[in-house]
Every structure is written in structure tokens, then in C-alpha cells.
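# Summary of structural features
Residue strings, one per chain:
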Protein chains: 2
Amino acid sequence: MNYKELLTGLFNGESSAASRLITMAENRSQGLSEAMKEIYKHTGNAHIIGITGAPGVGKSTLTGKLVKAFRALSRSVGVIAIDPSSPFTGGALLGDRIRMADLVCDREVFIRSMGTRGGAGGLAVATNDAISILDAFKKDIIIVETIGVGQDEIEIDKFVHTLVVVTMPGGGDAVQCVKAGILEIGDIYAVNKADHPEAQRAVADIEFMIQLKKVAENKQWKPPVVMTVAIENRGIDILVEKIKSHYNFLVDSGIIKLKYIQRVRAQIMSIIENRLSRRAKELLSEKCEQYKLIFGMSSEDITDPYTAADLVIRQLCSQYMNESAGNGNELK
Amino acid sequence: MNYKELLTGLFNGESSAASRLITMAENRSQGLSEAMKEIYKHTGNAHIIGITGAPGVGKSTLTGKLVKAFRALSRSVGVIAIDPSSPFTGGALLGDRIRMADLVCDREVFIRSMGTRGGAGGLAVATNDAISILDAFKKDIIIVETIGVGQDEIEIDKFVHTLVVVTMPGGGDAVQCVKAGILEIGDIYAVNKADHPEAQRAVADIEFMIQLKKVAENKQWKPPVVMTVAIENRGIDILVEKIKSHYNFLVDSGIIKLKYIQRVRAQIMSIIENRLSRRAKELLSEKCEQYKLIFGMSSEDITDPYTAADLVIRQLCSQYMNESAGNGNELK
């Protein structure tokens, strides 16, 4: 099946087509760019929500409950899980999967896990494409679930309209979040497992830190802190309200346009980085003559990785210039 | 002070010179490439050790004890901490810092934390450079401490000779590690906090998983599992023995040459990716005419991020080709 048939399937609401297009994005398959150019024309309608937080805070359970809450409001939902310990990605205990089963049977819910490292490269670019695919697939709400630690490959705050940072009481989790930098970037904070005796204190801690931090872009928005007990479905309705309020705020203030530009920039950069990186890896690969760069480090010209990098960049650019000379064809 | 003075300082054993060169690497400063080319000639002597594991397993305490153990063997030690929650990076509680204080006062110990996201870009390239700088600084042992979750920007296994994966008993931590992919890559496993009643079971779990997994490159090496209670200095001597054994194994088997090639490849790729990515970001920046790509998405030529990426790559390559035309000068 070529990508044109997949596009027809996607616009006709076939889950299998959405799924295969996301696989193409993960594998950076032939025909993907052409498909994405077409898909891109049908995007811009979804509310993209990020759910981020350390492993164990209950992101996945919360995501599951949010999906149900949005379904109860008759909104169609897409979920992209890029947390390696998420039950959506198959890493979970049996109980988790059973809990997710009733979501999977809802045709208006599309759930997809994304591979982490070791794929054809570029989790950022593939995630961005997956969001666009689900947007064109006419999902009203797209939830991206990811671990938000400091060394994260995905700068999730640049991909979404509304970022929910999930923490839990006790164990200094809020402090860990500050260290990891994710308390800087939330539009909404959820203190999950809020039946814990220290929940109120965790809320106070976060509210204190919100007061301290400088809100750069959207000074008019004061991030609310919501207490949830996801496993008992408590606090979810309030969280949904806050998510909706944030979206309305973005629209009313015009900030949604900035978010759009930010996302497009992130998309362009992720495409560029992925392409150049793959091309450079090819040039360095075993099959390539250039590989002797590494073994020939002691030769006169190539004495260190910096000199080798210069040579690879020159060759890469020369290739691209030759390929695109005069024809304006798509680059690989 | 120009980089030549810093190099003189580095080779004379001045910590301040090492520190400033690492800052140059973090900032990708002018003169860095020239400095690194010189530094690279003085590398290849250190044993590079990675310490990785989830937040809270006690990586930093273990690292501190390892430093002391290697010092007792009269080895000089450099530590690079890229864990945002590490006490080395200033994120710790007061008690942790006090515990580290006696290390800081040892002139043969050099400790440096690396910034995570938000820097001049390229934690991977800066970490690689920092390792080379400490190698040329004549540290016998270089320890790189990092969180090893699945979405980690740093592929630490490609940077080091010996990778120690730290876990702890209870709470399914070993299972979390499997999910995150870090149980695939360890040369040595440390079950820390082994005074916990479930420690034996954690060891058995890991040993079972080691049996299951396919050891690709170094079939002759069966990763040992060591029980430690870092805070009480228990098990550290055995861990040091295993680390030394692994290094001897690498040398005796000749695999150390493969590790060298792997590290040089990773270095070259990180330099290339960092350079191209920064150049592309410049082209996309506000000050650049190219920025209208984003606002002009509705124009006839540029309708989507893929087309925009094509244009930026063409411009980037054209710039590089012009800069390097005929002169062979270093690229930026």
C-alpha cells in the first residue's frame, strides 16, 4: 500500500491507516515527507496536551482517566505514549493493561506508544509527525505522555498547547521536579495520589515555587495546582476544567499563535536534525569509505574527531548540493 | 586568557585550566576546536567508567565511595556528573554536600557537574569533550555519572569503557530498568541499598535477566552483580575489583580497541550534530531572513515544515560549501 492509499484511509477515519503512517514516521520511510506535506494541510484543529512527570507518579493512570473524561464530553482522543515504563507501551503489569482495555475498545480513542532509543533515530521528529497525523485524523484532543526529566530528548513544552506536570506528595518529589527543570514549564500542575497525608504540603510547595518563578511568555496565566487521586477518578473533572480554561486562555490572548510558531519551529528543527544526523551516520558507516577516517586517525590530515567531523560535514554538504542542484527535488 | 595558556595550564596540572576548558566545551566557545585538537593528542590513558541508574538508587553516594577507593589505590580521579539531581551538581540537600566535602579538598580529585538542557546545546558533545579534557589532565580514572532512562540524550554506553548500572532492591526497580533499556547495556550491575530484605531477590532477578539477554559484542564477559551499601561503604572494594577486572578483560581481549572506535565515532557524530544543529537554529532565528519561512507557511512554495526543512538544509550546505571552498579552513 503506498502512502496515498494510507492518506485516503486516514481521512476516512481508518485507525489502521493512522497506525501505519506513525510507523512510517518512526522508521523515516520512503514517501513519508510527501505524506506529511499532505497531512500538514489538514492539521491545526486539535488541542495538544502534554502529560509529564517522573516514573511512578501515576501519569498513565491519570492519562487513562483524562481520556474517559474527554470521551464523556464527546471529544475524540488520541494518545501518544513515549514513556518507556508506561502501560500503553506494553511495559506494564497485567493489571494496568486490563484497566486500559475498555479504552482500547472505543473507536473514538486512538492509543499509540512510540519506541524510545534504538529506533531509526529521532524520537522528537517522529513524535511531532505522530501529533500531526492524529490531528489530521480529526482527533479533538491529543495527549502526549512523556517522562520529563532534565536530560529528556523531547522538549515536550515546545510540542504542546497545554502542559500538565504531574507530581506526587512525599519523598521530595516536588524538589526532584525543580531539580529536573520541569516545574519551570508547566501550565497546570497535578498533585496525584492526593489522599497522601502530605498532599496539602506538596500543593503549597508548588504554589510557592510558582510565585517565585518568572513566567516569561504568558504572564496573564497563573498555573493552577490540582489535587487528583487518579486511581479513584478523583479530581479529574477539575483537571479537565483547568485544561479547557488554559486552551480558552491561549485562544483569547492570541498566545495560541505563538504556540503554533513554536511548534512549527520545533518541527522544522527536528526534521533538519534527523535528516542531517542520519546522513552523517551513513557517511560514517562501515560500508562507507569514509569509515577509514576512524581507523586513519593517525594519518597526517585526520588526527582527531574535530578534523574528522569537518571532513564529514564537507562531504555531507557537497552531496546535498549535488542532489539539489538545479532541480529543487526533495532532500533525503 | 587564550586557549593556548589554558592548555599549558592543563598539562601543568592546574584544575582551574581544566575547569575553564570544560566551560568552553559547554559554551562551544571560539577556539574550542583548536584546543580540543591539541588535547586529543594527550588522551587515551584513562579508564572511563560510567555510573548510571534511576534517581534515588544512590548513584552519587556510590560514586563518592568509588572515588575514595580509587584514591586509596593512589589513582587520580575525575568525576563528571550529568545527573540533574546529583549532589555534585548542587541539587542536593546539605548533608550530601558535606559528605562530598572531603573529596573536594583532595587535589588529585577533580569534580565537575555539567548543565543539562538549556545550555549552548549539545550535552553529548560537551560531555565527550570533558572526558577528553580530564584524560589529557592525566586523571587515571574518569567517572561519568548520569541518569540512564530510556529517553536519555546521552548514550553513555558509547562513551565509556566500563558501565556500572546501579539498581536497588524493592519497588520493582530492576523491572523499571529493564523497561528503560539500561539492563541491556551494563558491564557490571550494582544492587545498592543491599541491606534491604529483598536484596537477594533483586540480585537473582538481574542474574536471571543477564542469562536471558544476548551479549552481543563481548560474549566472553559475563556481567557480575555486586551488592553494595554505599552509605556504609560496604561492597565498594568488590565493586572496584570488578571494575578493574573488566578493564583487564577489555585489554586482554582486544575489545578495548572496539571501545575506542565506538567512542571516536560517538565523538565525531556528536560534534557533527551539534554544529549542524546550531547552524540550522541560527538560520531559523529571529534575526535571520529565513524566519519568514515560519510566518510564510501559507505561501505557495512553503506550505509545511518538511518543505521549510529542505530550504534550511540547502542554505546551510550552501553556506558551508562557500566557507570551506578552496581553503580547507575549520568549519564552525
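Numbering of residues starts from 1 in each chain and follows the order in which that chain's sequence is written. Whichever chain is written first becomes A and whichever ligand is written first becomes 1, with later ones labelled in order. In view of the model being predicted, local features appear only for residues whose pLDDT reaches at least 70, and side-chain atom pairs are presented and counted only at 80 or more, with totals across whole chains, interfaces and linings using the full set of residues. Note that the side-chain values use all heavy atoms of the structure and ignore hydrogens as well as water.

### Digging into the overall build of chain A
Selection rule: Secondary structure is summarised from DSSP: a helix means a run of H or I of at least four residues, a strand means a run of E of at least two, and numbering begins at the N terminus for each. Whether a residue is buried, partly exposed or exposed follows from its accessible area with a 1.4 Å probe, protein chains only, as a fraction of its type maximum: under 20%, in between, or over 50%, in that order. Note on contacts: a residue pair qualifies if any of its non-hydrogen atoms lie within 4.5 Å across the two residues. What sets the accessible areas is the Shrake-Rupley method with a 1.4 Å probe; for residues, cover comes only from the shown protein chains.
Scanning chain A from N- to C-terminus turns up 12 helices and 7 strands. When each of the 332 residues of chain A is scored for burial, the buried share is 54%. Excluding contacts between residues fewer than 6 apart, the proportion of contacts in chain A whose partners are at least 24 apart in sequence is 76%. For chain A, the accessible area works out to roughly 14100 Å², and carbon and sulfur atoms hold 51% of it.

### Focus: the environment of Glu 5 of chain A
Assignment of secondary structure puts Glu 5 of chain A in helix α1 (residues 3-11). C-alpha of Glu 5 of chain A to C-alpha of Ala 17 of chain A: the two residues are 12 residues apart in sequence and 8.4 Å apart in space.

### Brief notes about the packing of helix α1 (residues 3-11) of chain B against helix α2 (residues 15-27) of chain B
All names here are of chain B. Counted only if it meets this: An axis is simply a line fitted to the C-alpha atoms; with a helix, the fit covers only the stretch in contact. Between two such axes, the angle follows the N-to-C directions and lies from 0 to 180 degrees. Here roughly perpendicular refers to angles of 65 to 115 degrees, roughly parallel to angles under 35, roughly antiparallel to angles over 145, and oblique to all remaining angles. Each helix crossing is assigned a hand: it is left-handed if the near helix lies turned anticlockwise from the far helix by less than a right angle, otherwise right-handed if that turn is clockwise. Classification convention: Asp, Glu, Lys, Arg as charged; Ala, Val, Leu, Ile, Met, Phe, Trp, Tyr, Cys, Pro as nonpolar; all other residues, Gly among them, as polar.
Across the interface, α1 lies against α2 with an axial gap of 8 Å and an inter-helix angle of 135 degrees. Classified by the angle their axes make, α1 and α2 are oblique. You can see that α1 and α2 cross each other, and the crossing is left-handed. Mapping the contact onto sequence places Tyr 3, Leu 6, Leu 7, Gly 9 and Leu 10 in α1 and Ala 17, Ala 18, Arg 20, Leu 21 and Met 24 in α2. Taken together, the residues of the contact of α1 with α2 break down into 8 nonpolar, 1 polar and 1 charged.

### Re the side chain of Ser 60 of chain B
Residues and elements named next belong to chain B. Rules: We call two N or O atoms a polar contact when they sit within 3.5 Å, provided that within protein one can donate a hydrogen and the other can accept it, with sequence-adjacent residues counted only if both atoms are side-chain atoms.
Assignment of secondary structure puts Ser 60 in helix α4 (residues 59-72). Looking at Ser 60, the relative accessible area reads 9%, which means it is buried. Among the polar contacts made by the side chain of Ser 60, one reaches the side chain of Glu 145 at a distance of 2.8 Å.

### What about the packing of aromatic side chains?
Residues and elements named next belong to chain A. Our working definition: Aromatic pairs are defined between Phe, Tyr and Trp rings, using the six-membered ring for Trp, whenever the two ring centres lie within 6.5 Å; interplanar angles under 30 degrees are classed as stacked, those over 60 as edge-to-face, and all others as tilted. Whether a charge sits over a ring comes down to the Lys NZ or Arg CZ being within 6 Å of the ring centre and within 35 degrees of the ring normal.
Counted by the stated rule, this structure contains 4 aromatic pairs over all chains. Here Phe 110 and Phe 137 contribute two aromatic rings whose centre-to-centre distance is 5.8 Å and whose plane-to-plane angle is 75 degrees, an arrangement assigned as edge-to-face. Of the two residues, Phe 110 is situated in strand β3 (residues 109-113) and Phe 137 in the loop between α6 (123-136) and β4 (141-146); the sequence distance between them amounts to 27 residues. Exposure class is identical for Phe 110 and Phe 137. Each is buried. If you follow Arg 279 out to its NZ or CZ, it ends over the ring of Tyr 320, 4.2 Å from the centre.

### Considering the sheet that holds strand β3 (residues 109-113) of chain B
Residue and element names in this part refer to chain B. Operational definition: Strand pairing is defined by DSSP finding a minimum of two bridges between the two strands.
Pairing is parallel in the open sheet, where 7 strands are placed in the order β3-β2-β4-β1-β5-β6-β7. Each having just a single partner strand, β3 and β7 (225-227) make up the two edges of the open sheet. Across the sheet, the mean angle separating the axes of adjacent strands is 20 degrees when strand polarity is ignored. The strands that α4 touches are β1 (47-52), β2 (77-81), β3, β4 (141-146), β5 (162-167) and β6 (188-191); relative to β4, the one it contacts most, it runs at about 175 degrees.

### Comments concerning the pairing of strand β2 (residues 77-81) of chain A
All names here are of chain A. Among the 5 residues in β2, 5 count as buried, and that is most of the element. Both faces of β2 are covered, namely the face carrying Val 77, Val 79 and Ala 81 and the face carrying Gly 78 and Ile 80. Bridge count between β2 and β3: 5 bridges; the pairing is parallel. Within β3, the residue paired with Ile 80 across the bridge is Arg 112. Relative to β4, β2 runs parallel, the two sharing 5 bridges.

### Focus on the pattern of salt bridges
To be explicit about the condition: What counts as a salt bridge is simple: a side-chain nitrogen of Lys or Arg found within 4 Å of a carboxyl oxygen of Asp or Glu.
Tallied over the entire structure, the rule returns 20 salt bridges over all chains. With a shortest N-O distance of 2.4 Å, Asp 310 of chain B and Arg 275 of chain A are connected by a salt bridge. Taken together, the residues span two chains, with Asp 310 of chain B in helix α12 (residues 305-324) and Arg 275 of chain A in helix α10 (residues 255-284). Across the pair, Arg 275 of chain A and Asp 310 of chain B agree in class, each one buried. Among the ionic pairs, Asp 140 of chain B bridges to Arg 75 of chain B, the shortest N-O distance being 3.9 Å. In this pair, Asp 140 of chain B is assigned in the loop between α6 (123-136) and β4 and Arg 75 of chain B in the loop between α4 and β2, connecting sequence segments 65 residues apart.

### A closer look at the environment of Val 264 of chain A
All names here are of chain A. As for its position among the elements, Val 264 is in helix α10. Judged by its relative accessible area of 1%, Val 264 is buried. Val 264 sits 106 residues away from Lys 158 along the chain, and the two C-alpha atoms are 9.1 Å apart.

### Thoughts on the sheet that holds strand β7 (residues 225-227) of chain A
All names here are of chain A. Spatially, 7 strands are ordered β3-β2-β4-β1-β5-β6-β7 in an open sheet, and the strand pairing comes out parallel. Looking at the sheet topology across the chains shown, the edges are occupied by β3 and β7. On average, adjacent strands in this sheet sit at an angle of 20 degrees to one another, irrespective of strand direction. Packed on one face of the sheet, helix α4 (residues 59-72) meets β1 (47-52), β2, β3, β4, β5 (162-167) and β6 (188-191) and runs near 175 degrees to β4. On the sheet, α6 packs against β1, β2, β3 and β4 and is oriented at approximately 170 degrees with respect to β2.

### Quick look at unusual backbone geometry
Phi at Ser 74 of chain A takes a positive value of approximately 65 degrees, unusual for a residue other than glycine. Non-glycine residue Lys 138 of chain B carries a positive phi angle of around 70 degrees.

### Let's talk about the confidence of the model for chain A
Residue and element names in this part refer to chain A. How we decide: Every residue gets a pLDDT, meaning the predictor's confidence in that residue, from 0 to 100.
Residues at a pLDDT of 70 or more form 75% of chain A, whose mean pLDDT is 81. When pLDDT is averaged over each element of chain A, helix α9 (residues 236-253) comes out on top at 97 and helix α5 (residues 94-104) at the bottom at 53. Contacts of residues 89-98 to residues separated by more than four positions or lying in other chains number 11 contacts, the stretch itself having pLDDT below 50. This complex was scored by the predictor with a pTM of 0.80 and an ipTM of 0.80.

### Here we look at the state of the cysteines
This is how the line gets drawn: By definition, disulfides here are pairs of cysteine sulfur atoms that lie within 2.5 Å.
Enumeration over the complete set of coordinates arrives at 0 disulfides over all chains. Between Cys 317 of chain B, a cysteine without a disulfide, and Cys 317 of chain A, which holds the nearest cysteine sulfur, the sulfur-to-sulfur distance is 3.4 Å.

### Some points on the packing of helix α3 (residues 32-40) of chain A against α12 of chain B
Close contact between α3 of chain A and α12 of chain B brings their axes to 8 Å; oriented N to C, the two are set at 125 degrees. Put simply, α3 of chain A runs oblique to α12 of chain B. On α12 of chain B, the residues that touch Leu 32, Ser 33, Met 36, Lys 37 and Tyr 40 of chain A of α3 of chain A are Pro 305, Tyr 306, Thr 307 and Asp 310 of chain B. Taken together, the residues of the contact of α3 of chain A with α12 of chain B break down into 5 nonpolar, 2 polar and 2 charged.

### Side note on the pairing of β1 of chain A
Residues and elements named next belong to chain A. Most of β1 is tucked away, with 6 of its 6 residues classed as buried. Two strands pair when backbone bridges link them, and β1 and β4 are joined in this way by 6 bridges, in the parallel orientation. Looking at β4, one finds that Thr 52 is bridged to Thr 146. In this structure, β1 lies alongside β5, joined through 4 bridges in parallel fashion. Counterpart to Gly 50 in the pairing with β5 is Leu 163.

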